[in-house]
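# Results of the structural survey
Below are the chains, spelled out letter by letter.
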2 protein chains.
Amino acid sequence: MALIKVHGIPLSGATAIVMICLAEKGVPYELIPVELAKGEHKSPSFLSKNVIILHTVWLIPALEDGTITLFESRAITRYVAHKYKGTGTDLLRHDKIEEAAMVGVWTEVESQQFNPPAVKIIYQQFVAPVKGETPNQSIIVESVKKLDQVFDVYEARLSNSKYLACDSFTLADLHHIPYIYYLMKTPWADLITSRAHVKVWWDNIAARPSLLEAAQGIDEFAHFSMNRFQFGSG
Amino acid sequence: MALIKVHGIPLSGATAIVMICLAEKGVPYELIPVELAKGEHKSPSFLSKNVIILHTVWLIPALEDGTITLFESRAITRYVAHKYKGTGTDLLRHDKIEEAAMVGVWTEVESQQFNPPAVKIIYQQFVAPVKGETPNQSIIVESVKKLDQVFDVYEARLSNSKYLACDSFTLADLHHIPYIYYLMKTPWADLITSRAHVKVWWDNIAARPSLLEAAQGIDEFAHFSMNRFQFGSG
């Protein structure tokens, strides 16, 4: 059987969660780096015909599994977790309806509540300087305030539950990895470290081999961008 | 067996998709209206103890099914579609792995690509005037431009597929209902009507009994807000 192919940028958060998910499931794959700078993600040749109608960053990451081609990182991880439910980490808790329902709830909380402000902070802190833009402090302040409220809810939840959906590590936790990893490298790491249960939760996640494996690519990006940021704002 | 309880505001898009989903599955439920104005959604008494740690609008809508209490509308619809897979409309295409995967992809497209700009337009057009705010035209222009790109992709997709995920109506289509219903009442309805395949797709959806049933509550809100808007901006 042909290997699964992941088209993406190892340094992007969305690609990283797909790679971490495949590592958690122990599923081998071939990574096909896409160079955004060259516009390869807009080229009809890089993916099979059924998705070339789609364009721009929607295509990053994409997963090819035989005749199936998927995009949108959270749809890809759910597909992988479902298809390989018998191997590796049980990321969806299929056999326990209440836990499975909670995986659904907390993956949506990540998507709707955590992700939007987190993306804004990471963009202003790491991406804007690389693009020669001045970080917008009012966007940062507003997003930090929103995340502060989000983590208050997480702190209460994690005082009753080892992980977000249940006492096991699931997709709901996994989807947070890249952006919390980046946040920990900003002046707002205390959003995590100042909350006892959130800190223990993150410490447990940060020790997972799947994260350590992905961290090299993430670090390259973070270090590159932070160096640029220091020069850019100095 | 006790009826499922839906806590929500019939006029909110998020509550509407839960109600439409339950109608598509033919599952009876009890609607428990929550009056935001009275702050009932922040009251510990209105939901069971396992969710009172959560606060503000995260709780709208919530679904209680026996001992399980869920929030986040897209998690609720997936739970309902999964639990009642044997009855009503097959919203997840469980038995066809490729179609099921595409339901996952296109529900994420709705959540990540369609919803953010659609929410901004609806807010500026209908909600801001009710709150005594002047609609921000630059937010509207930027969001319409983004939606224009999104619907270009939909048009291409729907030229090959009757519905977004496959040739059957699924959750991926259902999640679009409230905000497209509202968009059709704005000056930007041509985002939908100017595209041949998108228009046919929406016409098919708009004829579903589940939508017509929900439309009464939606219309009350839309008419109320549009009247206010006309006064407010006149």
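Now for a quick tour of the structure. (Residues numbered from 1 in each chain as written. Chains lettered and ligands numbered in written order. Predicted model: local features only at pLDDT ≥ 70, side-chain atom pairs only at ≥ 80, totals over all residues. Heavy atoms only, no water.)

The next thing to look at is the overall build of chain A. Looking only at helices and strands, chain A features nine helices and four strands. Along chain A, from the amino end to the carboxyl end, the secondary structure elements read β-α-β-β-β-α-α-α-α-α-α-α-α. At a minimum sequence separation of 6, the contacts of chain A that also span at least 24 residues come to 65%. Surface accessibility of chain A: about 10100 Å² in total, with carbon and sulfur atoms responsible for 56%. (Helix = DSSP H or I, 4+ residues; strand = E, 2+ residues; numbered from the N terminus. Contact = heavy atoms within 4.5 Å. Areas by Shrake-Rupley, 256 points an atom, 1.4 Å probe, with all protein chains shown as cover.)

Moving on, we come to the packing of aromatic side chains. All names here are of chain B. As enumerated under the stated definition, the model contains 16 aromatic pairs over all chains in all. When the centroid spacing of 6.0 Å and the interplanar angle of 55 degrees are considered together, the rings of Phe126 and Tyr182 count as tilted. Of this pair, Phe126 sits in helix α3 (residues 97–130) while Tyr182 sits in helix α6 (residues 177–183); the two residues are 56 residues apart in sequence, bridging distant segments of the chain. Comparing Phe126 with Tyr182 shows no difference in burial state: the two are buried. (Phe/Tyr/Trp six-rings, centres within 6.5 Å; stacked < 30°, edge-to-face > 60°. Buried < 20%, exposed > 50% of the residue type's maximum accessible area, 1.4 Å probe, protein only.)

Another point: the layout of surface pockets. Each pocket or cavity is described by its volume, and for the second largest pocket that value is around 870 Å³. If you trace the second largest pocket, you find 28 residues lining it, with Arg78(A), His82(A), Arg78(B), His82(B) and Leu92(B) closest to the centre. (1 Å grid on protein atoms, 1.4 Å probe; cavity = no way out; pocket = protein on both sides within 12 Å on 5 of 7 lines; lining within 4 Å. Points joined across faces, edges and corners; volume = space filled by probe spheres on them.)

It is worth spelling out the interface of chain B and chain A at this point. Contact residues are listed per partner, giving 32 residues for chain B and 32 residues for chain A. Both faces considered, chain B and chain A share a buried interface measuring about 3100 Å² in area, 68% of it formed by carbon and sulfur atoms. Measuring nitrogen to oxygen at the nearest pair gives 3.6 Å for the salt bridge that ties Arg78(A) to Glu108(B). Our count for the chain B to chain A interface comes out at four residue pairs in polar contact (both at pLDDT 80 or more). (Buried area = accessible area lost by both parts, 1.4 Å probe. Salt bridge = Lys/Arg side-chain N within 4 Å of Asp/Glu carboxyl O. Polar contact = N/O pair within 3.5 Å; in protein donor to acceptor, adjacent residues only side chain to side chain.)

What follows deals with the sheet that holds strand β4 (residues 68–71) of chain B. Residue and element names in this part refer to chain B. An order of β2-β1-β3-β4 is seen for the four strands of this open sheet, with the pairing classed as mixed. On the outer flanks of this sheet lie β2 (29–33) and β4, each paired with one strand and no other. Adjacent strand axes in the sheet meet at a mean angle of 20 degrees, parallel and antiparallel pairs treated alike. Against the sheet, helix α1 (residues 13–25) touches β1 (4–8), β2 and β3 (62–65), its axis set at about 155 degrees to β1. (Pairing = 2+ DSSP bridges. Axes fitted to C-alpha atoms, helices over the stretch in contact; angles between N-to-C directions.)

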